[in-house]
Amino acid sequence: MPILQTWRNYSREKFRADGKAALNVSLLDIPQGIAYAAIAELPIVFGIACSAAASIIAPLVAGSRHTILGPTNATAFMLFGFFAVEPLLATRETQLVPLLVLMVGIFCLIGSILRVADLLQYISRSVLVGYVSGAAVLIMTNQLKHLLGVAYEVDALRPRTFIGLVDALIRALPEAVWPPLLIGVCTFLAFFLMRKWKPRWPNLAIVLILSSAVFGTLAHQKSGPFSGVARFRTFSPADLLPSFPDLTRSGIFEDISALLGVALAIAFLACLENTLMAKTIASRSGDRADVNQDMFAVGVANVASAIAGGMPASGSLLRSSLNFNSGARTRMSSIYSGVLVLSTALLIAWLPRYGISLIDYVPKAVLAALVIGIALALINRHNIRVCARSTPDDAAVLVTTFIATLIAPLHVAIFIGVAVSITLFLRKASRPHLVEYEFSDAGELRQMGEKRQRPNPAISIVHVEGDLFFGAAELFRTQIQRTAADESLKIIILRLKNARHLDATSVLALEDLVKFMRANDRHVLVSGATRDVYRVLKNSGVLVTIQDGANRKTGESNIFLNRPSNPNLSTRDALKRAQQLLGGEKADIRIFYDPAKK
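Remember, predicted model here, so these are calculated numbers, not experimental data.

Caption draft 1: Representation of the side chain of aspartate 573 within the structure. Its location among the elements puts aspartate 573 in helix H24 (residues 569-581). The class of aspartate 573 is buried, set by a relative accessible area of 15%. When residues no more than four places from it in sequence are discounted, the contact partners of aspartate 573 are Phe560 and Arg563.

Right under this line is the structure:
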């Protein structure tokens, strides 16, 4: 188990760093757990139980040391979307969710054993960007019923799609009241201003507490127009007792059959989210992402969440980034965070015995406003711009997936996006591979011969040949993980003379590579770039990142275009630039390649 290695080398210094990070994460984890349960239209204990169980159990077997697992926006709304279109099952939602989460966990465990996670690199990033953007629109629209005070009227119409939800809201407008709208507007403005003023503070928790203290007190005391404001209901210690889903009751196989499709969709989405999140964090920390081990951790976390009575668990990029930025050193920070969440949940559950019911002071309009604030952050304009501008295929996948989330059930929409992505992939697919090159004594490029030990500093020339779209983007990550461990390596020259079909996924991978190298005082140069490659880099905006540090006024550049008359001139110019960056030192040249691609 990965945790055993952590325990062997644990120290007081690591404990202090992990404890500080855990406190920061738990201050975000608790209100997010409540918010995501609200998105799924579940009792809030489901979100808190998932946050605690996943944070404690997943790090025991996870491959990434900074990953924080728990409920997420995308999986929560997929859960809501499924029961919205299945009214008969919705009447037993709280009974069926533990079984559904258990099935999600089993699918992920089987997938990790079969090493299915290796295939996720062939899913275009545009699918997830389109799905999350569409889900964000749906989340915000669905929360309007709480801000307008017409949740009962809207739910009675049982809208199944985005159009149906908008229609239900319009029909319910005559019944709208102003107190929850006032509460929501004040809460949203407070959340927005706090994020601008103190972005590093736990703003979600602060605004939730302050708004609940003010408006929740008015509603609890039935003060004037706030007397009818809807509030959440607290939970008891019994709700936190572990309980394995009953698999012996009558009708269990009918329920499994009904939940099979959505369980597979949530498992797929959770693993895709977790894989992308783990790779993003790994590109910043220098660790190597073990995607199959992380998929196994997602499976274990969901089994634990099912027993704890929680909702589906996935990797949270926001909480994991906060964990990393807070200085977490080991996976123990996630465990500490889970213990803090569990302790808080037990405190909330026991306080009503002494006449203090904290959750009863939380108006649904407060949480609806905060959920809208969170959902707005899901619409990543940078990623949308890259996906929309890189290639027409990326734009088609992005738009198709986005529209599918609005007109189809979410557990179907995600597979519509995947199907379109794979179809376009097969249309232009080829087998990208690496050709190994070295410079001969005469200074000419030739296929690489036997490698030998070289002095420092070193330059690595990586020659990429073939179609370089999302299926080949892992090439960049493989190279950087292999070369980052060598402190003598100062510069990577990516030779893209024969690279074709760059898209958003490979462009974002290149951007991650450049930023990681720069963070460690290293450099990435591009040589032999064709006009098509240059156009994609320019349209996506990543060209600016590559050229950062080059004085364009004096003719300096970090990208060198291919010259058909002499293909080696661009690499020669890149080497000159490399020696300039190295301060004129004589540079040794080494060629790395991915033997798996031979």
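Past the structure itself, the notes keep going.
Caption draft 2: The arrangement of helix H16 (residues 364-378) in detail. The terminal C-alpha atoms of H16 lie 21 Å apart, and with 15 residues this matches the ideal 21 Å at 1.5 Å per residue to within 8%. Taken across its 15 residues, H16 has 11 buried, putting it largely inside the fold. All of the buried residues along H16 are Ala365, Val366, Leu367, Ala368, Ala369, Leu370, Val371, Ile372, Gly373, Ile374 and Ala375. Where H16 is buried, its residues touch helix H2 (12-39), helix H4 (73-84), helix H7 (125-147), helix H10 (178-197) and helix H11 (203-220).

Caption draft 3: Summary view of a nonpolar patch on the surface. A contiguous nonpolar patch, built from Ile106, Ile110, Ile113, Leu114, Val116, Leu119 and Tyr122 and spanning about 660 Å² of accessible area, is present on the exposed surface. With respect to the element layout, isoleucine 113 can be found in helix H6 (residues 93-113). On the basis of relative accessible area, isoleucine 113 is assigned to the exposed category, the value being 65%.

Caption draft 4: Representation of the packing of aromatic side chains within the structure. All chains considered together, the criterion is met by seven aromatic pairs. When the centroid spacing of 5.5 Å and the interplanar angle of 75 degrees are considered together, the rings of phenylalanine 15 and tyrosine 336 count as edge-to-face. Remark: tyrosine 336 occurs in helix H15 (residues 332-350) and phenylalanine 15 occurs in helix H2; sequence separation between them is 321 residues. Pairing phenylalanine 215 with phenylalanine 226 gives two aromatic rings, centres 6.1 Å apart and planes at 40 degrees, and the pair type is tilted. Of the two residues, phenylalanine 215 sits in helix H11 while phenylalanine 226 sits in the loop between H11 and helix H12 (252-285), which places them 11 residues apart along the sequence. Phenylalanine 226 gets classed as buried once you look at its relative accessible area, which sits at 11%. Among the aromatic residues, ring-to-ring pairing joins Trp178, Phe215 and Phe226 into one connected group. Across from the ring centre of tryptophan 197, 5.3 Å away, lies the NZ or CZ of lysine 198, which sits over that ring. The cationic tip of lysine 364 hangs over the ring face of phenylalanine 232; the distance from NZ or CZ to the ring centre is 5.8 Å.

Caption draft 5: Up close: the environment of isoleucine 459. Here isoleucine 459 lies in strand S6 (residues 458-467). When the C-alpha positions of isoleucine 459 and serine 488 are compared, they lie 8.9 Å apart, and in sequence the two are 29 residues distant.

Caption draft 6: Summary view of H11. Here H11 is 18 residues long and its end C-alpha atoms lie 24 Å apart, about the 26 Å a rise of 1.5 Å per residue gives. Considering bend angle alone, the principal kink of H11 is centred on alanine 213 and spans about 30 degrees. Elements that come into contact with the buried residues of H11 comprise H2, H10 and H16. Following H11 by one or two positions, lysine 222 adopts a phi angle in the positive range, close to 55 degrees.

Caption draft 7: Geometry of the pairing of strand S7 (residues 489-500). Pairing geometry for S7 and strand S8 (residues 523-529), over five bridges, is parallel. Residue pairing for S8: isoleucine 492 is matched across the bridge by valine 524. Handedness of the crossover joining S7 and S8 through helix H21 (residues 504-519) is recorded here as right-handed.

Caption draft 8: Inspection of unusual backbone geometry at higher detail. Phi angles above zero are rare outside glycine, and lysine 222 is one such case at about 55 degrees. Inspection of the secondary structure assignment puts lysine 222 in the loop between H11 and H12. The exposure class of lysine 222 is exposed, given its relative accessible area of 55%. In this structure, aspartate 521 is a non-glycine residue whose phi angle is positive, near 60 degrees. With respect to the element layout, aspartate 521 can be found in the loop between H21 and S8. Judged by relative accessible area, aspartate 521 falls into the exposed class, the value being 61%.

Caption draft 9: Region of the structure containing the packing of H10 against H11. Closest axis-to-axis distance for the H10/H11 pair is 10 Å, and the angle between their directions is 150 degrees. In terms of their interaxial angle, H10 and H11 are classed as roughly antiparallel. In this structure, H10 crosses over H11, and the sense of that crossing is right-handed. The residues of H11 that touch H10, namely those facing Ile183, Cys186, Thr187, Ala190, Phe191, Met194 and Arg195, are Asn203, Leu204, Ile206, Val207, Ser211 and Phe215.

Caption draft 10: Region of the structure containing the side chain of asparagine 558. Within the element layout of this structure, asparagine 558 appears in the loop between helix H23 (542-547) and strand S9 (559-561). Within polar-contact distance, the side chain of asparagine 558 engages the backbone oxygen of aspartate 548 at 3.5 Å. Setting aside its immediate chain neighbours within four residues, asparagine 558 contacts Arg518, Val524, Leu525, Val526, Ile546, Gln547, Asp548, Ala550 and Arg577.

Caption draft 11: Examining the environment of asparagine 558 more closely. Note on asparagine 558: relative accessible area 4%, which makes it buried. A distance of 2.9 Å separates a polar atom in the side chain of asparagine 558 from the backbone oxygen of isoleucine 546.

Caption draft 12: Main features of the confidence of the model for the chain. Here the chain averages 84 in pLDDT, while 89% of its residues score no lower than 70. Under a pLDDT of 50 for its full length, residues 452-456 has, in the predicted model, six contacts with residues more than four places off or in other chains. Across residues 591-598 the pLDDT falls below 50, and counting only partners more than four positions away or on other chains, this stretch makes 27 contacts in the model.

Caption draft 13: Geometry of the nonpolar core. Among the nonpolar cores identified, the biggest contains 106 residues, and Tyr131 and Phe235 are the most heavily contacted of them. With 12 residues, the single largest contributor to this core is H12. Filtering out sequence-adjacent residues up to four positions away, phenylalanine 235 remains in contact with Ile44, Val45, Ile48, Leu240, Ala345, Ile348, Ala349 and Ile359. Membership of the second largest hydrophobic core comes to 30 residues, among which are Val129, Leu398, Leu510 and Val526.

So, how was this worked out
Residues numbered from 1 in each chain as written. Predicted model: local features only at pLDDT ≥ 70, side-chain atom pairs only at ≥ 80, totals over all residues. Heavy atoms only, no water. Helix = DSSP H or I, 4+ residues; strand = E, 2+ residues; numbered from the N terminus. Buried < 20%, exposed > 50% of the residue type's maximum accessible area, 1.4 Å probe, protein only. Contact = heavy atoms within 4.5 Å. Expected span 1.5 Å × (residues − 1). Patch = residues over 30% accessible without salt bridge, like charges linked within 9 Å, V, L, I, M, F, W, Y side chains within 5 Å. Areas by Shrake-Rupley, 256 points an atom, 1.4 Å probe, with all protein chains shown as cover. Salt bridge = Lys/Arg side-chain N within 4 Å of Asp/Glu carboxyl O. Phe/Tyr/Trp six-rings, centres within 6.5 Å; stacked < 30°, edge-to-face > 60°. Lys NZ or Arg CZ within 6 Å of the ring centre and 35° of its normal. Bend = angle between axes of the 7 residues up to and from the residue. Pairing = 2+ DSSP bridges. Right-handed = clockwise from strand over helix to strand, strands pointing away. Axes fitted to C-alpha atoms, helices over the stretch in contact; angles between N-to-C directions. Parallel < 35°, antiparallel > 145°, perpendicular 65-115°, else oblique. Left-handed = near helix turned anticlockwise from the far one by under 90°. Polar contact = N/O pair within 3.5 Å; in protein donor to acceptor, adjacent residues only side chain to side chain. pLDDT = per-residue confidence, 0-100. Core = buried A, V, L, I, M, F, W, Y, C linked by side-chain atoms within 4.5 Å.

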